[in-house]
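So you can see what is in the structure, the chains are spelled out below.
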Amino acid sequence: MNEVPTPPRGLIAYFAHNPVAANLIMIFVLIMGIASYFFIQRQMFPNIEINYIHITADYPGASPQEVEESILVKVEEAIKDVTGIESVVSTARRGFGRVEIEVDVGEDLNIVLDRVNQKVDALSNLPASMEPLNVSQVEFRQTVIRMAVVGDKPLTELKPVAQDIEDELLQLDDVTLVALSAPNYEIAIEVPPRQLRKYDLTLGQVSDAIARYSANFSAGEVRTDSGMIAIRVENQRYRGDEFRQIPIKIGPNGSRLLLQDIATIKDGFTEGERYFKYSGQNAIFLSVNATASQNMVTVASAVKDYIQTKNNTLPAGLALKSVVDMTHYLNARLDMMLKNLLQGAVLVALLLTLFLRFKLAMWVLVGLPVCFLGAVMLMPVIGVSINIVSLFAFIMVLGIVVDDAIVIGESVYTEIEHKGGGVNNVVAGAQRVATPATFGVLTTIAVFAPFLMSSGPERAFFFGIAAIVILCLVFSLIESKLILPAHLAHTHFSTPKPDSLRQRFNRRFQQFIHGPYRRVVTRATHWRWSVLSVFIALLAISIALVVASHVRMVPTPKVPHDFPNIRLEMNNNASSEQTIAALKAIERMVYDVDNNTQAETGQAMIKETLVFNEGRTAGQLVIPLVDDAVRPFTTFELSRRWRAAMPDIPGGKKLTIQDDVNGGEQGDEFGYLLFSPDIDTLNAAGRALMSRLNQQPGLFDISSSMDSGSQEILISLTPVAHDLGLDLTTIAQQVVAVFMAVKHSD
């Protein structure tokens, strides 16, 4: 009597016999994945853990040495016993100092910040004329859109419009961070010395009079039957014409000497030249940024809608123009992933149709959206957003996730060809290769799993790639072992015609497998040690090529920038006129290179230019390029031409060209820190290192923090000053009043 074969058991058999359960899992993953896709956070880059704390100090007029000795050294001494600090780097410049604290990985940044704040607040021997120390945590922000208010009007008329735009942008629900780059307002009061002598006044007396008549005071409260009534004196002056009426002296008969009688009052911007140009027109620059928890695409969409609406209401001659849109890169990577997904699906369908059956190819392709949408479904749970790093992971894993389904599908189809259709035969075919296919996926997961435990500021990059790959592989196991067999078990495969194209191809292919290919494998196993030696030699050659630098090693791949920028930093003793002259020279060079490009290729590279100075010693050029499809060459070639044509910048300290999206705002790829207790020795070592680096081929944008020595006038009292009853403090206060001005805050 023939024995009845035992039906297969296990998860594969259960889902194959219960296709409703398999379909429910598939539909659940697809629906939840699609829903998650529309609500998941979108960013340019993943959230980077910035474990830095900055302490800044403003000390107007102080030399770098004075800033170091009177502020930075004391701050360093105060925080040296704070636990959790990895390193401390201090920078002293004229009138400014900064302490950069790197916190140990694994330490709670907020706790360390509180400890540093306590130490800084306890400092009591700082200079009285400096501004209060500012302690802040470096926050992660991403640029979304940069825009400019453009028009043929002076900056004094453009800035109020830009301020209104800033306020309106901040009122949008999706916008929280807006930075306005514009000169600051200032009311300058200039009193000629002859006027002081004429009316027997000093600058101190004029300053005191302004302080007395331009201020707000709170005088307490009055208790009444109807409640408490606050008493206030509000007499703060905000406009130049209001300051003109301030009395400086009042005579016995009531006559008054007003400020306008002795001083020139200028209501405008702070002292110094300004250069804000957008393709030759005056402009004010605004930047909209996103926080670590915001969706870049949502922010950009709200800002674009606002720009379109605002341009309809701006005065004639003014326009609000988008200069940089960083969502361009995110959308481009998303489009690339979808195109690669479609191309991969088409290739897999063609190959499986050619070697196996069309129905089998279609069910295998169903695994692609299941794997990808399954990963998208769980991305918010593990804190991974859609960004160019996670999209890169999706593109990378695209060719891996279908392998498991192809192996299962081929084994099932082979079983059907030999034994016929039926659920049990499908299950048997799937179970025959389930173990090796599963371990193949698990080994790939094991390779990426250690990256989940990475640490450091760039942990988010490694974690994002590993998490996406692992999620896709896990869902590929679910789809290929549970869902695919259920679909194949209830799919009818018709008997192919003997003379069909696919059958003829299969016969030829089988002849190749059992003929030349089998003979090669047989000989390789016979001469196994020789074959092993050949592959070991190839491995050694590969390692040697990397060690000998014949194969380049790049930590982060370079992505050409569609909005390259040039940053300029001048020496601390440079004037605003020198900085603007340097910016104009660089701007002319950019246009000259573009004109030469157009004459050479018939197509320009530059669409617009935005040029502006940032304070007295810094400036920037933002240069949007034409569409990538019509560019005659890449951004890297354009930056090479810029460097070759760059004019000499007298007083220039640092010049960097950011042509790489992944290069960061400063454009630096690596750097060195030199230490020495002697400043002269340190400067000599820095100049020697700079000289050697400039001789190395392939290095560019080499700069340092060394500054040329500023000229100083040292004042000391002669013996006559003591005879006249003068002291150094009085003289210093007079000099400060003349050359640095007396400041009054609103």
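Up top is the structure these notes are about.
Predicted model, so just to flag it, every value in this text is computed and none were measured.

Participant: In this structure, what is going on with the state of the cysteines? I would like to understand it.
Facilitator: As used here, a disulfide is simply a covalent bond connecting the sulfur atoms of two cysteines. A complete count under the given rule lists zero disulfides for this structure. Free of any disulfide, cysteine 371 has its nearest cysteine sulfur in cysteine 472, 6.6 Å distant. Look at cysteine 371 and you get buried, because its relative accessible area is 2%. Under the relative-accessibility criterion, cysteine 472 is labelled buried at 0%.

Participant: Which parts of the structure should I look at to understand unusual backbone geometry?
Facilitator: Apart from glycine, the bulk of residues carry a negative phi angle, and the bulk of peptide bonds sit in the trans form. The residue aspartate 200 is not glycine, and still its phi comes out positive at about 55°. Tracing the backbone shows aspartate 200 in the loop between helix 6 (193-198) and helix 7 (203-213). A relative accessible area of 62% means that aspartate 200 is categorised as exposed. Non-glycine residue serine 279 carries a positive phi angle of around 50°.

Participant: Please clarify how the sheet that holds strand 2 (residues 85-93) should be interpreted in this entry.
Facilitator: Sheet strands pair by backbone hydrogen bonding; their relative direction is either parallel or antiparallel. Read across the open sheet, the four strands follow the order 2-3-1-4; overall the sheet is antiparallel. The open sheet has two free edges, formed respectively by strand 2 and strand 4 (134-137), since each of these has just one partner strand. Strand-to-strand twist in this sheet, taken as the mean axis angle between neighbours without regard to direction, amounts to 15°. The strands that helix 4 (residues 109-121) touches are strand 1 (52-58), strand 2, strand 3 (96-103) and strand 4; relative to strand 4, the one it contacts most, it runs at about 175°.

Participant: Honestly, the pairing of strand 19 (residues 652-660) in this entry has me stumped. Any pointers?
Facilitator: Along any regular strand the residues' side chains alternate between the sheet's two faces. Taken across its nine residues, strand 19 has eight buried, putting it largely inside the fold. Inspection of the sheet shows strand 16 (residues 560-570) paired to strand 19 by seven bridges, in the antiparallel sense. Bridge pairing links proline 560 to aspartate 660 in strand 19.

Participant: Explain the packing of aromatic side chains to me, please; I cannot follow it from the model alone.
Facilitator: For any two aromatic rings, the description comes down to two numbers: the centre-to-centre distance and the angle of the planes. Here the structure, examined in full by the defined rule, presents seven aromatic pairs. Their ring planes at 25° and their centres at 4.8 Å tell us that phenylalanine 285 and phenylalanine 612 sit as a pair that is stacked. With a gap of 327 residues between them, phenylalanine 285 in strand 14 (residues 281-290) and phenylalanine 612 in strand 17 (residues 610-613) connect regions that are remote in the sequence. Both residues of the pair, phenylalanine 285 and phenylalanine 612, belong to the buried class. With a centroid separation of 5.2 Å and an interplanar angle of 50°, the aromatic rings of phenylalanine 372 and phenylalanine 394 are classed as tilted. Of this pair, phenylalanine 372 sits in helix 12 (residues 358-382) while phenylalanine 394 sits in helix 13 (residues 388-419), and the two are 22 residues apart along the sequence. Put simply, the rings of Phe276, Phe285 and Phe612 touch in pairs and so form one group of aromatic residues. Across the ring face of tyrosine 37, the terminal group of arginine 42 is positioned such that the distance to the ring centre comes to 4.6 Å.

Calculation rules
Residues numbered from 1 in each chain as written. Predicted model: local features only at pLDDT ≥ 70, side-chain atom pairs only at ≥ 80, totals over all residues. Heavy atoms only, no water. Disulfide = S-S within 2.5 Å. Buried < 20%, exposed > 50% of the residue type's maximum accessible area, 1.4 Å probe, protein only. Helix = DSSP H or I, 4+ residues; strand = E, 2+ residues; numbered from the N terminus. Pairing = 2+ DSSP bridges. Axes fitted to C-alpha atoms, helices over the stretch in contact; angles between N-to-C directions. Contact = heavy atoms within 4.5 Å. Phe/Tyr/Trp six-rings, centres within 6.5 Å; stacked < 30°, edge-to-face > 60°. Lys NZ or Arg CZ within 6 Å of the ring centre and 35° of its normal.

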